[in-house]
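As a plain string of letters, each chain reads:
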Amino acid sequence: MRSICALWVFASLALVNLAHADDPDVTIGSKKFTESVVLAEILSQLATEHGASVRRRSELGGTRVLWSALQRGAIDAYPEYTGTVATEILDTRIDDLRERLKAEGIAMSAPLGFNNTYVLGMREAQAEQLGVETISDLVEHPELRFGFSNEFMDREDGWPGLRRTYSLPQRDVRGMDHDLAYRGLAAGSIDVVDLYATDAEIEYYGLRRLRDDLDYFPRYDAVILYRVDLETRAPGVVTAFERLEDQVSAAEMTRLNAEAKIDKRPPAEIASEFLFHELGVQTEAPSESAWGRFWTNTWAHLVLVFVSLGMAILAAVPLGVLAARRERAGQWILGTVGIVQTIPALALLVFMIPLLGIGAAPAIAALFLYSLLPIVRNTYAGLHDIPRPLMESAVVLGLTPRERLRHVELPLAARSILAGVKTSAVINIGTATLGALIGTGGYGQPILTGIRLDDVSLIMQGAVPAAGLALVCQAAFEVAERRIVSRGLRPPD
Amino acid sequence: MPSKPAIEFDHVTKAFGAHVAIRAIDLSIPSSRTTVLIGPSGCGKSTLLRMVAGLIEPDEGRVRIDGRSLAPAILPAVRDRLGYVIQEGGLFPHLTARENVSLVARLRGWSDTAMRVRLTELLDLAQLPTTALDRYPLELSGGQRQRVSLMRALMRDPEILLLDEPLGALDPMIRSELQHELRRIFRQLHKTVLLVTHDLAEAGYFGEDIVLMREGQIAQRGTLESLVDDPADGFVRAFVNAQRQPGTASEAAP
């Protein structure tokens, strides 16, 4: 049993080392929506073309994650929008952005050429019939039904400000999921929706963009945020970024989005074609076979689950022993690991970024924390449930406390402890899929991409192996139980 | 009684919360003989035994073994010289009979040969078939479990044997057989034996020296005959009668 533990620890350390083996010149991140993924892929290929070795951290979970990662140097660059920087990151005016970013050690490229702001959209035919071209024109049509994304309903730069600015009279205004809003519009159950200016669906559903004639919406110019130190560390990469300035029009971006989202072409191919047509640059679209991707994800997932589990066992069993030994400390320990369990996984992952960056390390740390409770609790319970006469026999036999733990208590609690470890392992396998949000890879990656592309088969490529892994893990623990738990503790067959 | 005391209780008192289990008891247990503590449930007989094992500390008074006061610092040395057997045997269920018996010896660095020799002696003494050695406690009969438990207690040849209702959980046939063997073993080994039971016949069978307790105090000490023929008070008479003629206890009670 001891040798199994030693082997596990050794293997874990080796795995973590392996993960940090090669350090690239530049790491490029993206958000988890299609446009960001495509833009980041364009940046990556262009940087590669300029001689840099590039690591991609695609589909990270939101502005907070990317910004923290950029600040900490876990990524070096990612595509962003000026409006988002102003409202969500810095809380400042658009004119001040460059100065304020500089103070944070972050540089901002010139605009890439399109403004992905909010727009309002209507079915082309209906807009034509009613003669609606601008948002001001909507004032004449109070009967129109509005369906806005939930975020747009709440944001100060969304519906509340829009209604005030244009004095819009409409009463039938509903909040709904962005993707459902398109379907509602196509089905005719709503008339006006909020859109991003470059949404692929605008062309797909044949929508008219209503002009923001009072300049209500802030500008969401696409830019590249990158760390200032990149200018000295990899000047070629910064030069590469400059080549993209003013090269991507709204129409062009909409087309690229449509190719990715509606035609479901790989972002690498789309990026490669774009660079060839727009900049005349011949780039290599990195490709990986489906099997290759599967093994990469499997490997990443196994590392997450078992490194964190191994560390959790090393920490949780002693904590459980301490909890069983000292009543006061025990309540404290069980309470604390219990509270950790109640922190939502995504929040815990985001908390970890400032400490550990992105990728495997923060995910392993979060999974480690989640694994503690079942193991601590079961170790405590297993020790606590040992009948008192047995413990007294051990004491009077003259066994020292250490000998009692090693030869009596832990073996007697083994079944309970093992059950706790099994619970942690199975929970870990599921929770580790969330790691993809902070760039760990693993089975969460196809799930995330599948959700982005509304592609059920892709979601299955992550969900099915994760479920399979959980089953294999259960079976492995049954075998381990036979080896570790004494035959004397099992009821005779 | 010529032998010097092995265990002495010197004005020992112990309370568990509001319940006073032992009231200022003075008692000395001679060495190399069998002394039996007897009395109704809750009279404090097990508490006295557990004090000798160092599992319970007295609130007041002292417990001495070979003249030395029991204190936490000397407990390990004392326990090296104690054997302890409890009602259900207290065998570790995850270890085989052999592992149970030899665990401490192995941890104290006995050689394989020394352990094997001692195990053979004990098998002979306890009349346990060799094949039982590699079974787990769950796979042994109740009687076999108590034999193994006794072997474990005797493994390191202790000077004092503490037995807390060792036969209490056995059915009458096995119980009588084991009573017989235990007495043979006690006589053969000449150890200081302190045995707790609630069965007067068993007490008389094992020892000439019977200590009858009641509510944390000693009601009477003597041979079985003296308890029966010359009870110190109504309680002793009632206790003796209750064990001899079922149903007469309440009539005889004071």
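None of the values given here were measured: they were computed from a predicted structure.

Calculation criteria
- Residues numbered from 1 in each chain as written.
- Chains lettered and ligands numbered in written order.
- Predicted model: local features only at pLDDT ≥ 70, side-chain atom pairs only at ≥ 80, totals over all residues.
- Helix = DSSP H or I, 4+ residues; strand = E, 2+ residues; numbered from the N terminus.
- Buried ≥ 20, exposed ≤ 12 C-beta atoms within 10 Å, placed from the backbone.
- Contact = placed C-beta atoms within 7 Å.
- Rg over C-alpha atoms; globule rule 2.2 N^0.38 Å.
- Axes fitted to C-alpha atoms, helices over the stretch in contact; angles between N-to-C directions.
- Parallel < 35°, antiparallel > 145°, perpendicular 65-115°, else oblique.
- Left-handed = near helix turned anticlockwise from the far one by under 90°.
- Nonpolar A, V, L, I, M, F, W, Y, C, P; charged D, E, K, R; others polar.
- Expected span 1.5 Å × (residues − 1).
- Bend = angle between axes of the 7 residues up to and from the residue.
- Pairing = 2+ DSSP bridges.
- Core = buried A, V, L, I, M, F, W, Y, C linked by C-beta atoms within 7 Å.
- Right-handed = clockwise from strand over helix to strand, strands pointing away.

Q: Looking at this model, I keep getting lost on the overall build of chain A. Mind explaining?
A: Counting its regular elements, chain A contains 22 helices and 10 strands. Counting only C-alpha atoms and orienting by the principal axes, one finds that chain A spans roughly 95 × 55 × 45 Å. Out of the 493 residues in chain A, the part that is buried amounts to 44%. A separation of at least 24 residues holds for 77% of the contacts in chain A among residues at least 6 apart in sequence.

Q: What is the right way to read the overall build of chain B from this model?
A: What chain B contains, in helices and strands, is 10 helices and 10 strands. For 254 residues, the compact-globule estimate of 2.2 N^0.38 gives 18 Å, and chain B sits close to it at 19 Å. Over its C-alpha atoms, taken along the principal directions, chain B stretches across nearly 60 × 45 × 40 Å. The proportion of buried residues among the 254 residues of chain B is 39%. In chain B, the share of contacts with a sequence separation of at least 24, taken over all contacts with a separation of at least 6, comes to 65%.

Q: In this structure, what is going on with the packing of helix α3 (residues 97-107) of chain B against helix α5 (residues 142-154) of chain B? I would like to understand it.
A: Two numbers describe a pair of packed helices, the interaxial angle and the distance between the axes. Residue and element names in this part refer to chain B. One way to put it is that α3 packs onto α5 with a least axis distance of 8 Å and a crossing angle of 20°. Here α5 runs roughly parallel to α3, going by the angle between their axes. Where α3 crosses over α5, the handedness of that crossing is right-handed. Residues Ala97, Asn100 and Val101 of α3 form the contact with α5, whose own contacting residues are Val148, Met151 and Arg152. Taken together, the residues that form the contact of α3 with α5 break down as 4 nonpolar, 1 polar and 1 charged.

Q: Explanation requested: helix α21 (residues 444-452) of chain A in the structure shown.
A: Spacing of three or four residues puts side chains on the same side of an α-helix, whose turn is 3.6 residues. Residues and elements named next belong to chain A. Those residues of α21 that sit buried are Gly444, Gln445, Pro446, Ile447, Leu448 and Thr449. At its buried positions, α21 is contacted by β2 (54-60), α15 (290-325) and α22 (456-484). Positioned one or two residues after α21, aspartate 454 has a phi angle of 55°, which is positive.

Q: Sorry, what's going on with the interface of chain B and chain A here?
A: Many descriptions give the size of an interface as the accessible area lost when the pieces come together. Listed as interface residues are 22 residues of chain B and, on the opposing side, 19 residues of chain A. Secondary structure elements with two or more residues in the side of chain B that touches chain A: α2 (75-79), β6 (82-85) and α3 of chain B. Sort the elements by how many residues they give to the side of chain B that touches chain A and α3(B) lands first, with 3 residues. For the side of chain B that touches chain A, the residue count by class is 15 nonpolar, 3 polar and 4 charged.

Q: Before we go on, may I ask you to explain α15(A) in this structure?
A: Here α15(A) contains 36 residues, and its C-alpha end-to-end distance of 52 Å stays within 8% of the 52 Å for a straight helix at 1.5 Å per residue. Helix geometry: α15(A) is bent most strongly at A:Ile313, by close to 25°.

Q: What am I meant to see in the sheet that holds strand β4 (residues 60-65) of chain B here?
A: Remark on secondary structure: sheet strands pair via backbone hydrogen bonds, oriented parallel or antiparallel. Residues and elements named next belong to chain B. Sheet architecture is open: 4 strands sit in the order β2-β1-β4-β5, paired in antiparallel fashion. Across the chains shown, the open sheet's two edge strands, defined by having one partner strand only, are β2 (19-30) and β5 (68-69). The sheet contact formed by strand β1 (residues 5-16) and β2 spans 8 bridges and is antiparallel. By the bridge assignment, proline 5 is partnered in β2 with proline 30. Sheet strands touched by helix α1 (residues 45-52): β1, β2 and β4. Its angle to β1, the strand with the most contacts, is close to 120°.

Q: Could you clarify how one ought to interpret the environment of A:Leu185 in this entry?
A: Residue and element names in this part refer to chain A. Tracing the backbone through its elements, the reader meets leucine 185 in helix α9 (residues 178-187). Since 23 C-beta atoms lie within 10 Å of it, leucine 185 is described here as buried. Taking the C-alpha atoms as reference points, leucine 185 and arginine 145, 40 residues apart in sequence, are found 9.8 Å from one another. The residues touching leucine 185, leaving out its near neighbours within four places in the chain, are Arg123, Gly147, Ile190, Val193 and Tyr205.

Q: Teacher, can you tell me more about the environment of A:Val119 here?
A: Residue and element names in this part refer to chain A. Mapping valine 119 onto the fold places it in strand β5 (residues 118-123). Overall, the presence of 23 C-beta atoms within 10 Å leaves valine 119 in the buried class. For valine 119 and glutamine 170, which are 51 residues apart along the polypeptide, the C-alpha to C-alpha distance reads 17 Å. With residues near it in sequence (within four places) discarded, valine 119 still touches Leu195, Ala197, Arg209, Leu210 and Asp212.

Q: Would you explain the packing of helix α16 (residues 327-342) of chain A against helix α18 (residues 360-384) of chain A in this entry?
A: Residues and elements named next belong to chain A. α18 packs onto α16 with a crossing angle of 145° between their chain directions and a minimal axis gap of 8 Å. The hand of the α16/α18 crossing is left-handed. Together, Gly330, Ile333, Leu334, Val337, Gly338, Val340 and Gln341 of α16 and Leu369, Tyr370, Leu372, Leu373, Val376, Arg377 and Tyr380 of α18 make up the contact between the two elements. For the contact of α16 with α18, the per-class residue count stands at 10 nonpolar, 3 polar and 1 charged.

Q: What is the right way to look at the nonpolar core in this model?
A: Nonpolar side chains tend to gather and get buried jointly when the protein is soluble and globular. Judged by nonpolar contacts, the single largest core of 173 residues is most densely connected at A:Leu43, A:Ala77, A:Leu304, A:Val376 and B:Leu162. At 16 residues, the largest contribution of residues to this core is made by α15(A). Core analysis: the second largest hydrophobic core is formed by 25 residues, A:Val119, A:Leu120, A:Leu168 and A:Phe217 among them.

Q: It is not clear to me how the pairing of strand β1 (residues 26-31) of chain A should be interpreted in this structure. Could you clarify?
A: The side chains of a regular strand alternate between both faces of the sheet. Residues and elements named next belong to chain A. Burial within β1 is extensive, with 6 of its 6 residues counted as buried. Of the two faces of β1, the one holding Val26, Ile28 and Ser30 and the one holding Thr27, Gly29 and Lys31 are both buried throughout. Remark: the β1/helix α2 (residues 34-49)/β2 crossover connection has right-handed handedness.

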